[in-house]
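Structural features, examined
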Amino acid sequence: GYFLYVPKNTIIEKPIQIINFLHEQQDAFVTQRNFIYIEEGAEVKIITCDHTLNLNSYLSNAVTEIFTGPNSSLEYYCLQNQHNNTTSLNSVYIRQQKDSKVTTLNSSLHGGLIRNNLNVLLDGENSVANLFGMAFTDRRQHVDNFTRVIHARPHCQSNQIYKTVLDDNSTGVFSGKIHVMRNAQKTNAFQRSNNLLLTDKATMQAKPQLVIDADDVKCSHG
């Protein structure tokens, strides 16, 4: 794995690209543990790309933890393009401080079985999280996107839009949960899942969830 540290008030203008190649002479189980620390006022864009270079079977398990300080900005893009013999498990945990802004985009172009877990904790007032995802599946591929957004402080905003196009016998899942905690008044949370089935045998399951413990909020899903 890797450790990425962005010091206070540092603005990295060019995106940082991280490329993961799976290229073993035999079937393999691969793990990653990554940590990204962004200090106050810093800005960075990160692109991760996952690829396979041969047809061996892989089980890939990656965990990435991200901390964004006050008034910081992060754009985090993930591009998945692996062959049908790959099982990929990806877990991302993001904790935001006040006035921070995070934008994520997960693009699943190809893969045998993909599970993406995205967990966002809005732990500072006026923080914003924009979560986007898209997937394209065919044959017997399966893509599962699970999101959990926790609004722990007042005056925060989150937006989620996930889209999937499914062909042949492929399957997909979107399971998204928004939890507005008791003290998170003036929350604005939005969630949407749009899906297109190209055949009668393709299957998509969508499960939007809202848990609201505050009484002055604006939340919706579709």
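Everything here concerns the structure above.
The notes below deal with the structure included here. In this text, all values refer to a predicted model and were calculated from it rather than measured experimentally. (Residues numbered from 1 in each chain as written. Predicted model: local features only at pLDDT ≥ 70, side-chain atom pairs only at ≥ 80, totals over all residues. Heavy atoms only, no water.)

Turning our attention to a nonpolar patch on the surface. Residues Phe29, Leu59, Leu89 and Leu113 make up a contiguous nonpolar surface patch of roughly 340 Å² in combined accessible area. With respect to the secondary-structure elements, Leu89 resides in strand β7 (residues 86–96). (Patch = residues over 30% accessible without salt bridge, like charges linked within 9 Å, V, L, I, M, F, W, Y side chains within 5 Å. Areas by Shrake-Rupley, 256 points an atom, 1.4 Å probe, with all protein chains shown as cover. Salt bridge = Lys/Arg side-chain N within 4 Å of Asp/Glu carboxyl O. Helix = DSSP H or I, 4+ residues; strand = E, 2+ residues; numbered from the N terminus.)

Quick look at the sheet that holds strand β11 (residues 142–151) now. On the basis of which strands lie adjacent, the open sheet formed by eight strands has the order β1-β3-β5-β7-β9-β11-β13-β15 and parallel pairing. Both edges of this open sheet fall to β1 (3–6) and β15 (203–212), since each of them pairs with a single strand only. For this sheet the average axis-to-axis angle between neighbouring strands, irrespective of direction, equals 5°. Looking at chain direction, β1 and strand β3 (residues 28–38) are connected through four bridges and run parallel. Bridging across to β3, Phe3 finds its partner in Phe35. (Pairing = 2+ DSSP bridges. Axes fitted to C-alpha atoms, helices over the stretch in contact; angles between N-to-C directions.)

A word on the pairing of strand β10 (residues 128–137). Looking at chain direction, strand β8 (residues 101–110) and β10 are connected through eight bridges and run parallel. Bridge pairing in β10 places Ser108 opposite Ala135. Here β10 pairs with strand β12 (residues 157–166) via 10 bridges, running parallel. When the bridges of β12 are listed, Phe136 appears paired with Val165.

Volume-wise, the largest pocket comes out at about 390 Å³. Forming the walls of the largest pocket are 28 residues, and the residues nearest its centre are Thr48, Asp50, Ala62, Cys78 and Asn90. Sorting the residues of the lining of the largest pocket by element identifies β2 (16–22), β3, β4 (43–52), β5 (58–68), β6 (73–81), β7, β8 and β9 (113–122) as the ones contributing at least two each. Its residues placed into classes, the lining of the largest pocket shows 12 nonpolar, 15 polar and one charged. (1 Å grid on protein atoms, 1.4 Å probe; cavity = no way out; pocket = protein on both sides within 12 Å on 5 of 7 lines; lining within 4 Å. Points joined across faces, edges and corners; volume = space filled by probe spheres on them. Nonpolar A, V, L, I, M, F, W, Y, C, P; charged D, E, K, R; others polar.)

Structurally, Ser108 can be placed in strand β8. Ignoring anything within four residues of it in the chain, the contact list for Ser108 reads Gln80, Ile114, Asn116, Met134, Ala135, Phe136 and Val143. (Contact = heavy atoms within 4.5 Å.)

With respect to the helices, strands and loops of the structure, Ala184 is situated in the loop between β13 (171–180) and β14 (187–197). Given the relative accessible area of 0%, Ala184 is considered buried. Here the alpha-carbon distance between Ala184 and Cys156, two residues 28 residues apart in the chain, equals 7.8 Å. For Ala184, the contacting residues outside a window of four places in its chain are His151, Ala152, Arg153, Pro154, Ala214 and Val217. (Buried < 20%, exposed > 50% of the residue type's maximum accessible area, 1.4 Å probe, protein only.)

Turning our eyes to something else, we now look at the sheet that holds β8. In space, the eight strands of this open sheet follow the order β2-β4-β6-β8-β10-β12-β14-β16, with parallel pairing throughout. Each edge of the sheet is formed by a strand with only one pairing partner; in this case those strands are β2 and β16 (217–221). Strand-to-strand twist across the sheet, computed as the mean angle between neighbouring axes with direction ignored, equals 5°.

Distances and angles like these do not, on their own, reveal function.
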